[in-house]
Amino acid sequence: MTTTANLTRAEAAERSDRLTVHDYHVELDLSRARDLGSPTFGSTTTVRFAATAPTTFLDFLGHVRSVVVNGREVDPAACYDGARITLEGLEAENEVTVVADALYSRSGEGMHRFVDPADGETYLYTQYEPADSRRVMAVFEQPDLKARFAFAVVAPSGWQVLSNQPAFAAAGRADGTVRTEFATTPPLSSFLTAVVAGPYHRVDGHWSGRLPDGGTLDVPLGVLCRASLAEHLDAEAILTVTRQGLDFFHEHFGTPYPWGKYDQVFVPEYNLGAMENPGCVTFTEAYVFRSAATRAQYQARANTILHEMAHMWFGDLVTPRWWDDLWLKESFADYMGAHASVAATEFTDAWVSFANRRKAWAYTQDQLPTTHPIVADIPDLEAAKQNFDGITYAKGASVLKQLVAYVGTDAFFAGARAYFAEHAYGSTSLTDLLTALEGASGRDLGEWSRLWLQTAGTPTLRAEVEADGERVRSLVVRQRGGDPRTGQEVLRPHRLAVGLYDLVEDDGGAALVRSHRFEVELTGESVAVAEAAGLPRPALVLVNDDDLTYGKVRLDPDSLSTVREHLGALREPLARSLVWSALWNATRDAVLPAADYLDLVLRHGPAETDSAVLAGLTLNAGTAVERYAPPARRDELRLLLGKGSLAHLHEAAPGSDAQLVWARSLARSAATTPAAAPRLRGLLSGSETVVGLPMDPELRWSLWQALAALGAATLDELDEELAHDRTADGTTQHLAAVSSFPDADVKAASWETLLTPGALSNDHVDATLTGFTQPWHRELTAPFTDRYFDALRGIWARHSIEIASRLVRRLYPAYQDVVPGRAPQDDPVVQRSTRWLEENADAPAALRRLVLEARDELLRSLRAQEAGLRAPEASSREGGQA
Ligand SMILES: [Zn+2]
């Protein structure tokens, strides 16, 4: 790829100063999509635009056949450099036609092509954000050059062919293909356009809403997935959430749904959760559950449906001008996903998993050396691609939640309505939203915005309790916070709640119940909770109760002692979720030993009623054992986690979510515990059963993968399992299993395949990485450390950015052991990383960012291991803040 593919913000700004784009007509010839010998498809674009300068350029990645500018043929060899088509001699009004061959993709970028192993059928879909529509058509690829798009698609007959707007004509042709023409879109950014084609299974639905003029808005709904997944598609459940969401947003956003129809397509080998293409939303088909799924998984799906739906207004109707303000739409949609779940669907507990899982993502990202303000500095497209991160989504949404606590829900929605009304079909930046919110709330948000949106870093919040005997003398909430980029202290304004909890006896035994709740505004270093003075000394003080603000909470020593013994007795799910979050942050910060965290999960996990939180706890426990525990204790802790998971699996109610979560935890931990192999075999053969536990494909494959990682399965056995599950997912899981053998030749072969561009699809890259990076195989993968650093720049240059990012992130030698007497920063892999960074100062910033982050996570794990060395057994039951 030529470097001109990496469009800069300055170039985009200059281009939008010069151009007004009217419309595109795009003709795609997908008639030979089923022929895998055809790597390309025909793409003809005619774009009409006004220009105030004689030259500009179109973006396209592929092979250009011809370029006609205002009726004049231009030689592609002279005007096309592999990424840009230079246009010269422009007039006030222009028409340019580009005829080209575009490439089918296997990386999920551009026009992805997938052949279903279950039935041999071919499926296509597009995925563009931030800048991959240029892999399909010649286009001015930047969000603020909105235009109307008219698509026409030639595809095999019998296929579903979809785009953002409804089809208005479909004509059969003599060669057995059909040409489908779609209605012209309203003004749209190119990254939001979409084409989906293939023999998709379709379920129709309908929603209608009242218009401001008293009329009715009718919106046809469609839910689609691959034909071979049709039996697993619970379309009615999806449509129910869809209608609930449309009701909610229609009422609260003021502007009627703007895109005519609403199709939701579950597509194979998808790189993300979903994409908000107006009227044609694409989702990962992991949301079509072919194995047993927990309520948390259904909740996550509903959340994603609502997130994308919120984007129909925020992101699609009104679009951030450039990627610096990506957060504007993502934070808003992320917030709305949870808010609308609670307000409009059965998932009224959505904030519980948000507080625990979503915020963990934000805290993790925000403590990396590469953290950035929510309002980011995105100089070019490669930086944009890296910025779909925990700050943009989860921290932004957390801070919006704090903003709602600050200005009130009504003002927040009133501001949003004004913003949609004023900027419909336009492009905006942060100022436009703040202006609308200030207008609605009457509050000056300048300082709030400066402190929350334009600084980086995570505040730490703690309570200081002083007591006279059994009475509180004083309760003070303190914050500490800095911007890690500048080293400057930043004290942010918090509206937050403090909960006081007492230990009482009730019907179910001991219970930790909230006796008082105080809401305070913390603007400086501390604030006293005056009302608490004189109250009985509480067993637990929970800062940021109800999760209004964003910050790591450290428990005071008495509260930590209480939760060690009684966390399971805390009846309120959101409060439990927040305490678990505090404990995990303390573990990651080397304040709470990893062994203690594991002990807490195994003792109090069974009391956890929220399956998203419970699933998170078991995943964290695995990370604690593999990365944060001292090496000498690792095997012992692995055994504890495995035994604990097994015991809880048997104790959990038959058919419950908890049973599934503990079974998954057992499978993961078994992959590092040779003694577990006979039990896994028993479960697979049916000689050992757990009442109510479905031995479905997902669970069976996870057990086979564990056996393979231990070297306790044969290739024949894995092939035999595949013969019974020759599906897309089965094929991928089989690949993960055969890549998991503890064998030097298997590692070498995986390495070669992974580093060969185009050898594997995106999903198969992931499956192979899963096998290669088995935590039990540290010694087998150690010889690849030097090769990794030597290969980094080649990986970046030769793979698409999506695949390259996965390889750089997951092949990093992350499993390293602290050595007594050696400082974490003297670890050889840390040093090797530092050297690479020094020697490659000129490497692409996005690549350097990934290496910086991996090095930092390694340092963090070594520090936690070191702390565990210092606190071997007793791990100080009393004292020490966590
Ligand atoms: Zn989004």
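For the protein chain, the name recorded in an unreviewed UniProt entry is Aminopeptidase N, with Georgenia soli as its organism. As recorded by UniProt, the Sequence similarities (unreviewed entry) comment attached to the protein chain reads in full: "Belongs to the peptidase M1 family." In its Catalytic activity (unreviewed entry) section, the UniProt entry covering the protein chain states "Release of an N-terminal amino acid, Xaa-|-Yaa- from a peptide, amide or arylamide. Xaa is preferably Ala, but may be most amino acids including Pro (slow action). When a terminal hydrophobic residue is followed by a prolyl residue, the two may be released as an intact Xaa-Pro dipeptide."

Caption draft 1: A look at unusual backbone geometry. In this chain, E129 is followed by P130 through a cis amide linkage whose omega measures 0°. Structurally, P130 is set in the loop between β9 (122-127) and β10 (148-156). A positive phi angle, close to 70°, is found at D546, a residue other than glycine. Judged by relative accessible area, D546 falls into the partly exposed class, the value being 22%. One non-glycine residue, D547, adopts positive backbone phi at about 55°. Counting through the fold element by element, D547 comes out in the loop between β29 (540-545) and β30 (552-554). Note on D547: relative accessible area 0%, which makes it buried.

Caption draft 2: Focus on the sheet that holds strand β17 (residues 262-267). With mixed pairing, the five strands of this open sheet are ordered in space as β15-β16-β17-β19-β18. Of all strands in the sheet, those with a lone pairing partner are β15 (201-210) and β18 (274-275), marking the two edges. Both strand β16 (residues 216-225) and β17 contribute to a ladder of four bridges, which runs parallel. Its bridge partner lying in β17, L221 is registered against Y262. Here helix α3 (residues 235-253) sits on the sheet and contacts β15, β16 and β17; the angle it forms with β15, its principal contact strand, is near 25°.

Caption draft 3: Representation of the coordination of the zinc ion within the structure. Only H307 (NE2), H311 (NE2) and E330 (OE) from the protein reach the zinc ion as donors, at distances of 2.0 to 2.1 Å. Along the chain, the residues donating to the zinc ion are arranged with the sequence spacing H-x3-H-x18-E. Remark: E330 occurs in helix α5 (residues 326-344) and H307 occurs in helix α4 (residues 295-311); sequence separation between them is 23 residues. Classification of H307 as buried rests on a relative accessible area of 6%.

Caption draft 4: View of the UniProt feature "domain: Aminopeptidase N-like N-terminal" (unreviewed entry) in the protein chain. Here the UniProt-annotated "domain: Aminopeptidase N-like N-terminal" (unreviewed entry) positions come out as residues 114-192. In this annotation, residues 114-192 is assigned 0% helix and 42% strand; the end-to-end C-alpha distance for the span is 21 Å.

Caption draft 5: How the structure looks around the sheet that holds strand β22 (residues 460-468). Within the open sheet, the four strands sit side by side as β28-β23-β22-β30. Their pairing is mixed. Bordering the open sheet on either side are β28 (526-528) and β30, each of which pairs with just one other strand. Each strand of the sheet is rotated relative to its neighbour by a mean of 20°, with strand direction disregarded. In this sheet, strand β23 (residues 471-480) lies alongside β22 in antiparallel orientation, the contact comprising nine bridges.

Caption draft 6: Just the domain arrangement of the protein chain, in detail. Domain parsing of the protein chain yields domain 1 (1-197), domain 2 (200-401) and domain 3 (459-549 + 551-577). Each of domain 1 and domain 2 has a C-alpha centre, and these two points are 25 Å apart. Listed as interface residues are 42 residues of domain 1 and, on the opposing side, 46 residues of domain 2. Both sides together, the interface formed by domain 1 and domain 2 hides about 3,500 Å², and carbon and sulfur atoms give 61% of it.

Caption draft 7: Focus on the packing of aromatic side chains. Within this structure, the stated rule accounts for 44 aromatic pairs. Plain terms: the ring middles of F249 and W313 are 6.0 Å apart, the flat faces sit at 45° to each other, and that makes the pair tilted. Of the two residues, F249 sits in helix α3 while W313 sits in the loop between α4 and β20 (318-320), which places them 64 residues apart along the sequence. Judged by its relative accessible area of 0%, F249 falls in the buried class. With relative accessibility at 0%, the residue W313 sits in the buried group. Judged by centre distance (5.9 Å) and plane angle (40°), the ring pair of F253 and F332 falls under tilted. Placement of F253 in helix α3 and of F332 in helix α5 is noted, with a sequence separation of 79 residues between them. Taken as a pair, F253 and F332 share a single burial class, namely buried.

Each value, and the rule that gives it
Residues numbered from 1 in each chain as written. Predicted model: local features only at pLDDT ≥ 70, side-chain atom pairs only at ≥ 80, totals over all residues. Heavy atoms only, no water. UniProt positions renumbered as here; feature names shortened; annotations may be inferred. Helix = DSSP H or I, 4+ residues; strand = E, 2+ residues; numbered from the N terminus. Buried < 20%, exposed > 50% of the residue type's maximum accessible area, 1.4 Å probe, protein only. Pairing = 2+ DSSP bridges. Contact = heavy atoms within 4.5 Å. Axes fitted to C-alpha atoms, helices over the stretch in contact; angles between N-to-C directions. Donors = N, O, S within 2.8 Å, 3.2 Å for Na, K, Ca; no water. Domains from an automatic or database assignment. Buried area = accessible area lost by both parts, 1.4 Å probe. Phe/Tyr/Trp six-rings, centres within 6.5 Å; stacked < 30°, edge-to-face > 60°.

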